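Structural description and commentary
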Amino acid sequence: MASKPIQPFSRQEAVVCRGIAKTWAEGTPRAHEALRDIDLDIQPGEFVVLLGPSGCGKSTLLYLIAGLEARSRGEIWSFDDAVTSPSPDRSLIFQETSLFPWLSVWQNVAFGLSLRGDPLEERRRAAEAALARVGLAEAMEKRPDELSGGMRQRVAVARALTMRPKVLLMDEPFAALDVQTRAKMQDFLLDVWRDSGASVLFVTHSIDEAVALADRVVVFTARPGRIKSIIPVDLPRPRDPFAPESESLRRRLMEELRSEVDRAFAEQEALVGA
Amino acid sequence: MPSELTAGRTVTDVPVAPRFFTLEQRAALGRLGWGTLSVGLFFGIWELLWYLGIADPKLLPPPHIFLGNFADQARFFNTATRWQIGVNPADGPSPYEAVAITIGATSARVFVGLGIAAVLSITIGVLIRYFQFFEKLVLPTLTLLSPVSPIAWLPVAIFIFGIGNKPAVFMVVIALFFHMVLSTISQIDNVNRNLINVARTMGASKRQIYWRVIIPAILPQLLIVLRLNLFGAWMVVLVAESTGVGFGLGQVIMLARNTFNPSLVFFTIAVIGLLGFLSDWALRVIQRRALYWVPETAGVLRGL
């Protein structure tokens with residue numbers, strides 16, 4: 001396949017992906033292609049949702065941007081830096097709780113600061129401020145297993161914010177929560193996003209979540225993941241999920257996704273049949 | 001599910017009519033009751049077999065015989081260093097003190113060995129995962145030696161350490177070491193990737209990832225492995241002691257065997273059983289204190 005010429009880009013972008021491809025276990029019989037030809041620009045302060053069927057490689061893209069996995073081809077830049085390794089500038093929040101169970105809530109939040117060797121008093125103050133921002137100032141001394149799933153994700157967000165990231169990468173962070181908690185968490189995330197000024201790259205397979213959150217929705221194809229379409233959303237916030245505009249956007253995203261979900265399904269069935 | 005766990009924990013908060021014992025104390029009493037019943041049943045059957053004349057009291061003396069005369073049994077626990085020239089064999093601690101000293105000596109060997117084995121094997125296990133060249137250099141030999149029974153090491157222990165405390169401790173260490181190294185490695189491989197990735201995105205170095213994430217994450221499982229191997233430690237320490245360490249429970253068993261004293265054998269077995277039980281309980285308490293963040297999941301299977 002002839003490689004496309006690399007599109008020009010400015011170094012003011014929060015994230016620039018050019019010609020990204022990822023094949024897991026490359027060169028072995030178990031190799032499978034997760035991502036192909038991803039070109040994506042994310043502006044500073046932008047909220048971008050990656051939407052796609054399960055297993056389409058959208059989480060993989062997040063890991064590549066975080067610098068946690070090596071890409072097979074292509075280039076990733078974040079502001080002035082070529083992404084080669086993880087950096088505190090790009091925080092990743094996972095679907096499952098990733099709090100350290102042996103540390104108290106505030107120690108979890110201040111973990112990154114303690115890696116840098118900041119003094120104890122400073123760490124406590126920073127953790128207190130971050131927890132206040134997510135509405136959990138009272139939970140400082142609690143242990144993670146004493147918190148509900150929603151609270152734990154808020155602590156994870158507070159932990160990410162203490163590093164003052166320029167890009168917040170979120171891998172289906174609310175997928176394990178119940179519907180009511182999830183709606184609350186979305187409002188909360190929008191607040192945090194507004195006053196942190198960071199760009200957010202948010203992976204989900206929920207159309208409702210995309211409609212509620214995104215400045216732009218990037219729709220992925222089934223495996224190997226490619227960008228099928230990028231749909232700008234210029235609905236004012238706070239958004240009414242039952243407004244006719246939300247309804248028509250939802251319908252449009254549904255149309256975009258349906259054929260991909262069908263393809264993903266067919267492929268899985270073929271795998272089982274084989 | 002976390003919600004169910006917390007639900008289980010709040011049960012004690014439910015207001016109940018005031019009772020003589022707290023729920024926790026009643027649970028402990030219940031366990032004690034069942035434990036007594038279990039042992040009582042076992043002893044009862046034994047006594048019955050003796051009463052019916054099926055169990056020969058010379059070979060299988062029932063509990064009321066071998067536990068009945070403590071002073072008589074204690075005579076055999078002689079910790080006087082009577083083999084040394086110039087020492088009066090009648091000197092030394094009283095029989096009761098001798099029993100305590102013997103028990104203390106054996107327990108100390110078990111726990112010192114346990115401690116050395118834990119520190120040594122965790123260190124080696126972590127180094128194996130940390131430095132690849134070390135893994136390539138060391139792991140094949142360790143894997144080769146790990147299935148060897150600790151009993152096979154007994155002559156080695158004597159060659160190297162002679163007799164005394166050292167070979168007994170060495171045997172305990174050897175009995176635990178290989179298992180614990182391999183188990184440390186497999187625990188490291190099973191650490192939740194997300195925890196490691198969180199630390200990486202926050203700029204942790206390899207060293208910090210090991211010290212701050214991997215080691216705390218593997219400790220709970222390792223303490224369980226240590227507890228499971230505790231009984232193994234009690235077994236080998238007796239074997240080691242029977243080869244001649246001056247005094248110890250293994251030496252008493254050996255004496256009982258050589259002098260054909262079944263009563264003393266069963267008495268010592270009872271003491272060892274009790275000690276094993278108590279030390280397991282002690283480790284469990286340590287486990288709860290040291291690993292405060294690990295949820296207690298033992299109740300999950302009880303509903304089945």
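These numbers come from a predicted model, not from an experiment.

Considering the overall build of chain A
Within chain A, the secondary structure is distributed over 8 helices and 10 strands. Whereas a compact globule of 274 residues would reach a radius of gyration of roughly 19 Å, chain A reaches 19 Å, a difference of no more than 12%. If one aligns the C-alpha atoms of chain A with their principal axes, the spans along those axes are about 55 × 45 × 40 Å. The burial tally for chain A puts 43% of its 274 residues in the buried class.

As for the interface of chain A and chain B
Many structure descriptions define interface size as the accessible area lost when the parts assemble. The interface is formed by 21 residues belonging to chain A together with 14 residues belonging to chain B. Elements that contribute at least two residues to the side of chain A that touches chain B include exactly strand E6 (90-93) and helix H3 (111-116) of chain A. A breakdown of the residues in the side of chain A that touches chain B according to their chemical character gives 12 nonpolar, 5 polar and 4 charged.

Quick word on the sheet that holds strand E10 (residues 227-232) of chain A
Residue and element names in this part refer to chain A. As summarised here, the arrangement of the 6 strands in space is E6-E7-E8-E3-E9-E10, forming an open sheet in which the pairing is mixed. Every other strand in the sheet has two partners, leaving E6 and E10 as the edge strands with one partner each. Each neighbouring strand pair of the sheet contributes to a mean axis angle of 15°, computed without reference to strand direction. Pairing of strand E3 (residues 47-51) with strand E9 (residues 216-220), which is carried by 4 bridges, proceeds in the parallel orientation. When the sheet's bridge partners are listed, Leu50 is paired in E9 with Val218.

Focus: unusual backbone geometry
Residue and element names in this part refer to chain A. In this structure, the amide linkage connecting Arg223 to the following residue, Pro224, adopts the cis form with an omega of -10°. By secondary structure assignment, the location of Pro224 is in the loop between E9 and E10. A cis geometry characterises the amide bond from Arg237 onward to Pro238, with omega recorded as -5°. Tracing the backbone through its elements, the reader meets Pro238 in the loop between E10 and helix H8 (244-273). The residue Ala25 is not glycine, and still its phi comes out positive at about 50°. Inspection of the secondary structure assignment puts Ala25 in the loop between strand E1 (15-24) and strand E2 (32-42). Residue class for Ala25 comes out exposed when judged on the 9 C-beta atoms lying within 10 Å of it. Phi at Glu172 is positive, roughly 40°, even though this residue is not glycine. Among the secondary structure elements, Glu172 is positioned in the loop between strand E7 (167-171) and helix H6 (179-196).

Considering the domain arrangement of chain A
Residues and elements named next belong to chain A. The assigned domain composition of chain A is domain 1 (11-89 + 168-185 + 197-274) and domain 2 (99-164). Contacts between domain 1 and domain 2 engage 9 residues on the former and 6 residues on the latter. It is H6 that contributes the most residues to the side of domain 1 that touches domain 2, 3 residues altogether.

Looking at the sheet that holds E1 of chain A
Residue and element names in this part refer to chain A. Ordered in space as E2-E1-E4-E5, the 4 strands form an open sheet in which the pairing is antiparallel. Unpaired on one side and paired on the other, E2 and strand E5 (81-82) mark the two borders of the sheet. Sheet topology note: the E1/E2 ladder contains 7 bridges and is antiparallel. In the strand pairing of E2, Cys17 is matched with Leu40. Across the sheet, helix H1 (residues 58-66) lies against E1, E2 and strand E4 (73-78), angled at about 120° from E1, the strand it touches most.

As for the packing of helix H10 (residues 206-241) of chain B against helix H11 (residues 249-258) of chain B
Residue and element names in this part refer to chain B. Two elements in contact, H10 and H11, have axes whose closest approach is 7 Å; the angle formed by their N-to-C orientations is 60°. Put simply, H10 runs oblique to H11. Regarding H10 and H11, the two cross each other, and that crossing is right-handed. Across the interface between the two elements, Val237, Leu238, Val239, Ala240 and Glu241 of H10 pack against Leu249, Gly250, Gln251 and Ile253 of H11. Classifying every residue of the contact of H10 with H11 gives 6 nonpolar, 2 polar and 1 charged.

What to know about the packing of helix H4 (residues 120-133) of chain A against helix H5 (residues 149-162) of chain A
Residue and element names in this part refer to chain A. Contact geometry for H4 and H5: axes closest at 9 Å, N-to-C directions at 130°. The orientation of H4 relative to H5 falls into the category oblique. In the crossing of H4 with H5, the sense of the turn from one axis to the other is right-handed. Residues Ala126, Ala127, Ala130, Leu131 and Arg133 of H4 form the contact with H5, whose own contacting residues are Ala158, Leu161 and Thr162. Taken together, the residues of the contact of H4 with H5 break down into 6 nonpolar, 1 polar and 1 charged.

Considering H4 of chain A
An α-helical turn contains 3.6 residues, so a residue and the one three or four places further along point in the same direction. Residues and elements named next belong to chain A. With 14 residues, H4 extends 20 Å from end C-alpha to end C-alpha; this agrees with the ideal 20 Å at 1.5 Å per step. Taken residue by residue, H4 has Arg123, Ala126, Ala127, Ala130 and Leu131 as its buried positions. Around the axis of H4, the buried residues are gathered within 130° of arc, so they sit on the same side. Away from its buried face, by an angle of more than 90 degrees, H4 presents the exposed residues Glu121 and Glu122. Check the buried side of H4 and you find it contacts helix H2 (105-109), H3 and H5. Note on H4: the residue one or two positions beyond its end, Gly135, has a positive phi of about 75°.

Re the environment of Leu230 of chain B
Residue and element names in this part refer to chain B. Relative to the elements of secondary structure, Leu230 occurs in helix H10. Given 20 C-beta atoms within a 10 Å radius, Leu230 is considered buried. Taking the C-alpha atoms as reference points, Leu230 and Gly276, separated by 46 residues in sequence, lie 7.9 Å from one another. Excluding residues that lie within four positions of it along the chain, Leu230 makes contacts with Leu114, Ser279, Asp280 and Leu283.

Description of the pairing of E6 of chain A
Each regular strand displays side chains that alternate between the two surfaces of the sheet. Residues and elements named next belong to chain A. Because side chains alternate across E6, one face comprises the buried residues Arg90 and Leu92, and the other comprises Ser91 and Ile93, equally buried. The pairing of E6 with E7 spans 4 bridges and is classified as parallel. The residue of E7 that forms the bridge with Leu92 is Leu169.

Brief notes about the environment of Leu61 of chain A
All names here are of chain A. Assignment of secondary structure puts Leu61 in helix H1. For the pair formed by Leu61 and Gln153, sequence separation is 92 residues and the distance between their alpha carbons is 21 Å. When sequence neighbours within four positions are dropped, the list of residues in contact with Leu61 reads Ile20, Leu35, Ile38 and Leu50.

Digging into the environment of Val198 of chain B
With respect to the element layout, Val198 of chain B can be found in helix H9 (residues 193-201). On the basis of neighbour count, Val198 of chain B is assigned to the buried category, with 26 C-beta atoms found within 10 Å.

Basis of the calculations
- Residues numbered from 1 in each chain as written.
- Chains lettered and ligands numbered in written order.
- Predicted model: local features only at pLDDT ≥ 70, side-chain atom pairs only at ≥ 80, totals over all residues.
- Helix = DSSP H or I, 4+ residues; strand = E, 2+ residues; numbered from the N terminus.
- Rg over C-alpha atoms; globule rule 2.2 N^0.38 Å.
- Buried ≥ 20, exposed ≤ 12 C-beta atoms within 10 Å, placed from the backbone.
- Contact = placed C-beta atoms within 7 Å.
- Nonpolar A, V, L, I, M, F, W, Y, C, P; charged D, E, K, R; others polar.
- Pairing = 2+ DSSP bridges.
- Axes fitted to C-alpha atoms, helices over the stretch in contact; angles between N-to-C directions.
- Domains from an automatic or database assignment.
- Parallel < 35°, antiparallel > 145°, perpendicular 65-115°, else oblique.
- Left-handed = near helix turned anticlockwise from the far one by under 90°.
- Expected span 1.5 Å × (residues − 1).
- Arc of directions from axis to C-beta.

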